[in-house]
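Per-entry structural report
Chain by chain, the residues run as shown.
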There are 2 protein chains.
Amino acid sequence: MAIDLGDLERRAAMVSLAIGELLPVQRPEQLYRAGRHLLDAGGKRLRPSMLLMASEAVGGNPLDVVPAAVAIELVHNFTLIHDDIMDNADLRRGKPAVHVLWGTSGAILAGDTLYSKAFQILSGAKADPVRVLSSMGMLSQTCASICEGQWMDLDFEGRDEVFEAEYMEMIEKKTGVLYGASAWIGAMLSGGSQEEVAGLGEYGRLTGMGFQIHDDILDLTVPAEVLGKRRGGDLVEGKKTLIMIHAMGHGVRPGLFGRGKASMEEIEDAISLLDDSGSIEYARAKAIDLVDRGKEAIGVLKDSAVKALLLDLADYMIRRGY
Amino acid sequence: MAIDLGDLERRAAMVSLAIGELLPVQRPEQLYRAGRHLLDAGGKRLRPSMLLMASEAVGGNPLDVVPAAVAIELVHNFTLIHDDIMDNADLRRGKPAVHVLWGTSGAILAGDTLYSKAFQILSGAKADPVRVLSSMGMLSQTCASICEGQWMDLDFEGRDEVFEAEYMEMIEKKTGVLYGASAWIGAMLSGGSQEEVAGLGEYGRLTGMGFQIHDDILDLTVPAEVLGKRRGGDLVEGKKTLIMIHAMGHGVRPGLFGRGKASMEEIEDAISLLDDSGSIEYARAKAIDLVDRGKEAIGVLKDSAVKALLLDLADYMIRRGY
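As the structure is a computational prediction, the values presented were derived from the model and not from experiment.

**Some thoughts on the overall build of chain A**
- A count of helical and extended segments in chain A gives 14 helices and two strands.
- Taken over the C-alpha trace, chain A has a radius of gyration of 19 Å; the compact-globule value for 322 residues is 20 Å, and the two agree within 12%.
- In terms of overall dimensions, chain A has a C-alpha envelope of 55 × 50 × 30 Å along the principal axes.
- Counting all 322 residues of chain A, 61% fall into the buried class.
- Considering only contacts within chain A whose residues lie at least 6 apart along the sequence, 71% involve residues at least 24 apart.
- As displayed, chain A has an accessible area near 12,200 Å², and 50% of this comes from carbon and sulfur atoms.
- Charged side chains of chain A number 34 positive and 47 negative; the gap between the two group centres comes to 4 Å.

Here it is as structure tokens:
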């Protein structure tokens, strides 16, 4: 079943409103403007929405965990800001990246500030202190994993060969764990049982990995106007995505791969090649499998409207058009 | 009374040992090597030592708070790694800066990793959960302040004039609050009363500000071999320290100020100028005043050997030779 986008939009709107309240632009003004730049540029707020749904799924009142949802979105945006510096990416969500507008130093500090505020906001969550503390432990452990994942991603660029298992570990760390932490923390703060918390954590981790593979596919298939960043950017940067790992395993390596730049036509040709080699289809099948396993992991939850919504969200993560 | 350096060294050694245990080099190995680089290069461990002493001063067992002390040192090193990127500083503790060895991307990630690990380690502290949670709130708030302070510091470089009050706010945020958090958290985790925790927090904040002013003085007066970084570096970079703010207020502005580089002789001449204008002496008097106020703030503590040690530490912070 397709997700009712209104269900996502309502939650996203709540998170956006709370960001304005919990992260006001204060002195030094430009630091906080830099921190708010990407947050205000939109984004689908899938991670915080997942947190809110996980809370509801274990019988919690999602309003109580809105600050935690904001904390997750701040961590996500912190990683985007720092990643854009490292990847030398100049466009994000259709706007100039933070380092383009405020310089490398400004972007490092804006990211660090969002990181700090995330933990500060989470520490003030209105829930049992032991559960808040567990959530902070989970979030900090998750952040360390994200750094490891990003390090692996950068390391892959300089290597000739990357194995599929390494790629899977990389996306688990870079993307899976933050989705995992979102669902885990939503359930933990709202009093979920050990099984519910663990099941939702697995659900987030696995669907998050599917989300990342789908993201790699979108990078090839979605026009820049919709994507908000260059199409085929991963290709010209030489990113060893699952698609490229499969292609290279089958002797296919487009000439523009890792060349830094290419014409629109060359990118179209490269995508045709990857289509013909079955590499895009291969990645799509992996994403579907991960999402199916993620859905199984919430078999522990009792049936409810929000459980159905979580199942729809899982599908949406690999069917969304951008 | 001069501090018994053995008292500091014993605590520093304990912290160094614990860093090796709590932050092992794991995969991806180079990420953790980059994170450990500055930590392993030494440092006086004044912040974690202050945390251990604060714990003892309220009747706690300092061994229980060693992980929290490590967390503080990790946060400190995280800020050094990122600051060195922003300041384009290539030497720290007598070794190449992290970004020199692992590149900007490596240094951003190494810093982010230390940051994450600091919160992860603190979240596992063996103390009353409510007190651990308060400590995490304090540390995250402190980290946001540090970012604000570093932003102000960078902003000052591009400005013609900086007022003394702005400088004081900057060093409070950039340096004072982390010393403040060290003493505060040591007392909080070890069951200190509200007055003890607040008094120790003030002690740390004020003596930390004195420490920073003294650091600015050392930058001018200590040979590079001892300092572990270029002498007069702040001058050629155009840093608006209290010394320079006083000097400019008295019409003194050495020619090399903000020029990017200078010969050893030019630096010597500039220092003579700042000495003649009374600017160095002015800064020294401010540092002494801050430390005196910091010592007063722990009047709430009952007399003990460790209280005497804290008073000695306060003096040491502005009398140390490097």
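Now that the structure has been shown, we can carry on.
**With respect to the interface of chain A and chain B**
- Residue-level contacts link 40 residues of chain A with 40 residues of chain B.
- With both chains or domains summed, chain A and chain B bury close to 3,400 Å², and 73% of this area falls on carbon and sulfur atoms.
- Taken together, chain A and chain B are joined by two salt bridges.
- Residue R27 of chain B is joined to E169 of chain A by a salt bridge in which the shortest nitrogen-to-oxygen separation is 3.1 Å.

**Re the packing of helix 4 (residues 66-87) of chain A against helix 6 (residues 129-157) of chain A**
All names here are of chain A.
- Their axes nearest at 12 Å, the elements helix 4 and helix 6 cross at an angle of 20 degrees. By the angle between their directions, the pair helix 4 and helix 6 is classed as roughly parallel. The handedness of the crossing between helix 4 and helix 6 comes out as right-handed. Residues I72, V75, T79, D83, M86 and D87 of helix 4 form the contact with helix 6, whose own contacting residues are L139, C143, I146, Q150, L154 and E157.
- A per-class count over the contact of helix 4 with helix 6 returns seven nonpolar, two polar and three charged.

**Structural notes on the packing of aromatic side chains**
Residue and element names in this part refer to chain A.
- Tallied over the full model, the rule gives eight aromatic pairs over all chains.
- On the basis of an interplanar angle of 55 degrees and a centroid distance of 5.1 Å, the ring pair of Y179 and F211 is categorised as tilted. Placement of the pair is Y179 in helix 7 (residues 164-189) and F211 in helix 8 (residues 194-221), with a sequence separation of 32 residues. Note on accessibility: Y179 and F211 belong to one class, buried.

**Remarks on the pattern of salt bridges**
Residue and element names in this part refer to chain A.
- By the definition in use, this model includes 53 salt bridges over all chains.
- In this structure, R320 engages D215 in a salt bridge whose closest nitrogen and oxygen atoms are separated by 3.2 Å. Pair noted here: R320 is in the segment after helix 14 (305-317) and D215 is in helix 8, with a separation of 105 residues, a long-range link.
- The class of R320 is buried, set by a relative accessible area of 3%.
- What you see here is one network of salt bridges that share partners, running through D83, D87, D153, E157, K174 and K239.

**A short note on the relation of the copies chain A and chain B**
- Screw-axis analysis of chain A against chain B gives a translation of 0.0 Å along the axis, an RMSD of 0.0 Å, and a rotation angle of 180 degrees. The symmetry that links the two subunits is that of a two-fold axis.
- In this assembly the copies share their binding face: 100% of the residues contributing to the interface of chain A also contribute to that of chain B.

**Re the packing of helix 2 (residues 29-40) of chain B against helix 5 (residues 98-123) of chain B**
All names here are of chain B.
- The contact between helix 2 and helix 5 brings their axes to 8 Å, and the two run at 85 degrees. The angle between helix 2 and helix 5 falls in the class roughly perpendicular. Residues Q30, L31, Y32, R33, A34, G35, H37, L38 and L39 of helix 2 touch helix 5, and the partners they reach there are V98, L101, W102, L109, A110, T113, L114 and K117.
- Of the residues contributing to the contact of helix 2 with helix 5, the split by class is 11 nonpolar, four polar and two charged.

The rules behind the values
Residues numbered from 1 in each chain as written. Chains lettered and ligands numbered in written order. Predicted model: local features only at pLDDT ≥ 70, side-chain atom pairs only at ≥ 80, totals over all residues. Heavy atoms only, no water. Helix = DSSP H or I, 4+ residues; strand = E, 2+ residues; numbered from the N terminus. Rg over C-alpha atoms; globule rule 2.2 N^0.38 Å. Buried < 20%, exposed > 50% of the residue type's maximum accessible area, 1.4 Å probe, protein only. Contact = heavy atoms within 4.5 Å. Areas by Shrake-Rupley, 256 points an atom, 1.4 Å probe, with all protein chains shown as cover. Lys, Arg positive; Asp, Glu negative; His and termini not counted. Charge placed at Lys NZ, Arg CZ, Asp CG, Glu CD. Buried area = accessible area lost by both parts, 1.4 Å probe. Salt bridge = Lys/Arg side-chain N within 4 Å of Asp/Glu carboxyl O. Axes fitted to C-alpha atoms, helices over the stretch in contact; angles between N-to-C directions. Parallel < 35°, antiparallel > 145°, perpendicular 65-115°, else oblique. Left-handed = near helix turned anticlockwise from the far one by under 90°. Nonpolar A, V, L, I, M, F, W, Y, C, P; charged D, E, K, R; others polar. Phe/Tyr/Trp six-rings, centres within 6.5 Å; stacked < 30°, edge-to-face > 60°. Least-squares fit on C-alpha atoms with pLDDT ≥ 70 in both.

So far we have only geometry, and geometry alone does not tell us how the molecule works.
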